[in-house]
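Survey of secondary and tertiary structure
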Amino acid sequence: MSDLFGRRVNMRGFPYESLPADVVADLENAARVCRALAVAMTTRANSGHPAGSLSSMKMYMAAYGVANLTPDNAADLDRDYIAISHGHTSPAAYATLAYYGFVDGLDAVREFRRCGSLFQGHVERDVPGIDWSSGDLGQGLSAGAGFALAQTARKNKSRVYVLMGDGEQGKGQLAEARRLIAARNLPVTALVDANDIQISGRVEDVMPIHLRQIWEADGWQVIECDGDNFPSLYAGLRQASLSDRPTVLICRTTMGQGVSFMEDRPDYHGKAATGDLYRQAMDELKAPDLVAMANSSSVRTAGAKMDRPRPALNVGAPRVYKLGEKVDCRSGFGNALSDVGAATKENGGGPLLVFDCDLAGSVKTADFSKKFPEWFVQGGIQEHSTATAAGSSSIAGAASVFAGFGMFALVEAYNQQRLNDINETNLTLALTHVGLDVGEDGKTHQCIDYVALAANCFGWKLIVPADANQTDRALRWAVQEGGNVCLAMGRSKLPVLELDGRPAFEKPFVYGDVVRLREGKNGAILALGAMANQALEAAALLAQKGIQVSVYSVSCPLVCCDETLKEAFETGAVLTLEDHNARTGMGSLWLARASELGLTGRALRLGVTHYGMSGPSSDVYAQMELDGQSVAERFARLIR
């Protein structure tokens, strides 16, 4: 394969003021081979996106050529990063990576889009040289923002390159990312493949976009260049590297460049060349039958290491909130976050980046922002981009926390949090105002589906603390744990829970642990998070009638504790209680597990059954029949 490419050009550090003729000749030869590889990949798979890959090819080759990103340093933290937003042009990415020695080109042709292969239809992080798994258009620039934020916080002079298509430029998340990058003057160079074609036809016919104007309006330097001309691309990238502003290169290209029957035609946006057309493409690109060569090749590309090192944090000593105090969990979170920041800074660790979307006072990150302004990222009212940037920063050398209301940072930004899961980021997502406990804001702000949304992802951990002590310890655990951890809290002040005369949650947090707060033989209540208070009130009312009920505090609804379930069902009656949609929350998960275990007995799920009203949380709970009195009455009916 290397014989076909010829000499590999090194443009890192911009060694030339302008590209010499011999270098251009070498790059042109390599581009011809790369385009042949892209066509062969889609032909072998009989699917994919060949034409956009061809128009983006030189853009890919130029960006990877100048970036300080090599097979030798790709697993390191401190280097240049490349985010690919139009991930469907993966054949161009894989061909470029083959040219620069990250992967084997024939392996990519043979394995492209095959089940179990590294070379999936959209770019994935487990391919060496790919920094961000992408498929949903519009998210790459936000990922680039996160990479740049992390590297800047680490005081590195790295540059981030973001490759995009023109059809996606109308997406709102891109506008959010443009503003964030410009506001913080991050070292980002974006390249847009302006081929003027998307699936449904011409870009101006589908949805007109004023490319230059939208970037200039958000404060970017705009350079227009010929995207099929290496000297033009190199000059634009070099100019961007010397600028003190974020820069976008609008790269004018032709869809399907290099293959006559694909050029400037929407048809081949997502259609492979087969039969005689494949042979014609290989002839026009002066390439051998790469599909046949790939079928006879046995070379395999090793996958990339996705679990990169994380920064050192010192979480300090936990606070102890005393019995008799009433403290909201969000304040417990905010106090612990400031403690971690102070201990980390004192010990030379970090960076610990905290992301906010104009809610610092409500989500209790204001104290952190005052003490550590260099680690605080104000994203404005832009949750989609902030969610992605927070995630990507966590795999580029920062410990990252994103705090927001449940409706905004999870429900509204669910797709972004799902992509963080796919990318195996290390984000701590702190949600406040979950469930009905949002004050008087009403049903539009009541996040009653956070358990279900977290359960839909395969990597997210979810913690719903019962009081400020448990919140404190959970936050200190989460920022060190790695992986994605969601901490979900309501708004109201809660009493410090008691166990055997002491605060119930003094010990270090252990994910999946269930704490029995009260013992009884006539039934059991499994209460999620702050609903432990209503469960204890109900148990006290039932005790007055001679009904003794165990109360279990569940903080990790995605981890069904078999021991707890068996113990609870031995009482003969189990009630699950949560401030969440009753159909899709802890109750449905835990009672389904009880059925799998063959446990029998009377069981009832209590939770939110319709959108709640506006009013004080205590009134909203009573209206939803989730207050202590209502829970006691429902339990009494359960055991009749």
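Rules and cut-offs
- Residues numbered from 1 in each chain as written.
- Predicted model: local features only at pLDDT ≥ 70, side-chain atom pairs only at ≥ 80, totals over all residues.
- Heavy atoms only, no water.
- Pairing = 2+ DSSP bridges.
- Helix = DSSP H or I, 4+ residues; strand = E, 2+ residues; numbered from the N terminus.
- Axes fitted to C-alpha atoms, helices over the stretch in contact; angles between N-to-C directions.
- Contact = heavy atoms within 4.5 Å.
- Salt bridge = Lys/Arg side-chain N within 4 Å of Asp/Glu carboxyl O.
- Buried < 20%, exposed > 50% of the residue type's maximum accessible area, 1.4 Å probe, protein only.
- Domains from an automatic or database assignment.
- Buried area = accessible area lost by both parts, 1.4 Å probe.
- Polar contact = N/O pair within 3.5 Å; in protein donor to acceptor, adjacent residues only side chain to side chain.
- 1 Å grid on protein atoms, 1.4 Å probe; cavity = no way out; pocket = protein on both sides within 12 Å on 5 of 7 lines; lining within 4 Å.
- Points joined across faces, edges and corners; volume = space filled by probe spheres on them.
- Phe/Tyr/Trp six-rings, centres within 6.5 Å; stacked < 30°, edge-to-face > 60°.
- UniProt positions renumbered as here; feature names shortened; annotations may be inferred.
- Disulfide = S-S within 2.5 Å.
- Core = buried A, V, L, I, M, F, W, Y, C linked by side-chain atoms within 4.5 Å.

**Things to note about the sheet that holds strand E6 (residues 221–226)**
Pairing in this open sheet of five strands is parallel, and the strands run E1-E2-E3-E7-E6 from one edge to the other. At either end of the open sheet lies a strand with only one pairing partner, and these are strand E1 (81–84) and E6. Within this sheet the neighbouring strands show an average axis-to-axis angle of 20°, counted without direction. The pairing of E1 with strand E2 (residues 160–165) spans four bridges and is classified as parallel. Looking at the pairing, Tyr-81 lines up with Val-160 of E2. Lying on the sheet, helix H6 (residues 140–153) is in contact with E1, E2 and strand E3 (188–194); it crosses E2 at an angle near 175°. In the packing of helix H10 (residues 230–242) onto the sheet, contacts are made with E2, E3, E6 and strand E7 (247–252), and the angle to E6 comes to roughly 165°.

**A short note on the pattern of salt bridges**
Counted according to the given criterion, the structure contains 32 salt bridges. Between Arg-35 and Asp-228 there is a salt bridge, and its shortest N-O distance comes to 2.7 Å. With Arg-35 in helix H2 (residues 21–45) and Asp-228 in the loop between E6 and H10, this residue pair connects regions lying 193 residues apart in the sequence. Asp-228 gets classed as partly exposed once you look at its relative accessible area, which sits at 21%. Here Lys-371 and Asp-367 are joined by a salt bridge, their closest N and O atoms 3.1 Å apart. Of this pair, Lys-371 and Asp-367 both sit in helix H15 (residues 366–371), four residues apart, roughly one helical turn. A network of salt bridges, in which partner residues are shared, links Arg-319, Asp-339, Asp-472, Arg-473 and Arg-476.

**Digging into helix H25 (residues 628–638)**
Restricting attention to buried positions, one finds in H25 the residues Gly-628, Ser-630, Val-631, Ala-632, Phe-635, Ala-636 and Leu-638. Considering only its buried residues, H25 is in contact with strand E19 (524–528), helix H21 (532–543), strand E21 (573–581), strand E22 (602–608) and helix H24 (617–623).

**Notes on the domain arrangement of the protein chain**
Parsing the protein chain into structural domains produces domain 1 (1–295), domain 2 (325–496) and domain 3 (515–639). Contact with domain 2, which involves 28 residues of that partner, is made by 29 residues of domain 3. Carbon and sulfur atoms supply 61% of the area buried between domain 2 and domain 3, which totals about 2100 Å² over both sides. Looking at the side of domain 2 facing domain 3, the largest losses of area belong to Leu-436, Ile-448 and Val-451, adding up to 30% of the total buried there. For the interface between domain 2 and domain 3, the tally reads zero salt bridges. At the boundary of domain 2 and domain 3, one finds twelve residue pairs in polar contact (both at pLDDT 80 or more). Among the secondary structure elements, those contributing two or more residues to the side of domain 2 that touches domain 3 are helix H19 (450–456), strand E13 (461–463) and strand E15 (493–495).

**Some words on the layout of surface pockets**
Empty space within the largest pocket amounts to approximately 350 Å³. Counting residues per element, the ones that place at least two in the lining of the largest pocket are helix H20 (468–481) and strand E18 (514–518).

**Quick word on the packing of aromatic side chains**
On inspection of all chains with the given rule, the structure shows 16 aromatic pairs. Aromatic side chains Phe-14 and Tyr-234 sit 5.6 Å apart centroid to centroid with 55° between the ring planes, which places their arrangement in the tilted category. Of the two residues, Phe-14 sits in the loop between helix H1 (2–5) and H2 while Tyr-234 sits in helix H10, which places them 220 residues apart along the sequence. In this structure Tyr-234 comes out as buried when scored by relative accessible area, which is 2%. With centroids separated by 6.2 Å and ring planes inclined at 80°, the aromatic side chains of Trp-132 and Phe-147 adopt a geometry described as edge-to-face. Residue Trp-132 is found in the loop between helix H5 (105–111) and H6, and its partner Phe-147 is found in helix H6; the two are separated by 15 residues along the sequence. Each member of the pair, Trp-132 as well as Phe-147, carries the same accessibility label: buried. One aromatic cluster is present, built from ring pairs that chain together Phe-5, Tyr-99 and Tyr-100.

**Section: the side chain of Gln-417**
When you line up the elements, Gln-417 lands in helix H18 (residues 414–422). Note on Gln-417: relative accessible area 1%, which makes it buried. Contact partners of Gln-417, with chain neighbours within four places excluded, come to Ala-387, Phe-402, Ala-409, Leu-410, Leu-427, Leu-429 and Trp-460.

**Considering helix H16 (residues 383–393)**
For H16, a buried count of ten out of eleven residues is recorded, marking the element as mostly surrounded by other parts of the structure. Those residues of H16 that sit buried are Glu-383, Ser-385, Thr-386, Ala-387, Thr-388, Ala-389, Ala-390, Gly-391, Ser-392 and Ser-393.

**Observations concerning the UniProt feature "domain: Transketolase-like pyrimidine-binding" (unreviewed entry) in the protein chain**
The positions UniProt marks with the feature "domain: Transketolase-like pyrimidine-binding" (unreviewed entry) are residues 327–496. End C-alpha atoms of residues 327–496 are separated by 7 Å, and the span's content is 45% helix alongside 19% strand.

**A closer look at the state of the cysteines**
Applying the stated criterion to the full structure yields zero disulfides. Not engaged in a disulfide, the cysteine Cys-357 finds its nearest cysteine sulfur in Cys-486; these two sulfurs lie 15 Å apart. Under the relative-accessibility criterion, Cys-357 is labelled buried at 3%. Of all cysteine sulfurs in the structure, the one in Cys-561 sits closest to Cys-560, which takes part in no disulfide; the separation is 9.0 Å. Note on Cys-560: relative accessible area 25%, which makes it partly exposed.

**With respect to unusual backbone geometry**
For the peptide bond that leads from Gly-350 to Pro-351, omega is 5°, which places it in the cis range. Checked against the element boundaries, Pro-351 lands in the loop between helix H13 (329–346) and strand E9 (352–356). Its identity is not glycine, yet Lys-364 carries a phi of approximately 70°, on the positive side. Look at Glu-625: it is not a glycine, yet its phi comes out positive at around 60°. By secondary structure assignment, the location of Glu-625 is in the loop between H24 and H25.

**As for the nonpolar core**
If you look at the biggest cluster of nonpolar residues, it comprises 108 residues, and the most contacted ones within it are Leu-141, Trp-215, Leu-352 and Tyr-450. Take this core: its biggest share by element is eight residues, from H6. Of all hydrophobic cores here, the second largest spans 79 residues; its members include Ala-30, Leu-37, Phe-230 and Val-291.

**Digging into the pairing of strand E12 (residues 427–432)**
In terms of residue burial, E12 counts as a mostly covered element, since six of its six residues are buried. Sheet analysis places strand E11 (residues 399–405) next to E12, joined by six bridges and oriented parallel. Looking across to E12, one finds that Val-401 is bridged to Thr-428. Bridge analysis of E12 against strand E14 (residues 485–488) gives four bridges, and the strand direction is parallel. Counted as the bridge partner of Thr-428 is Val-485 from E14.

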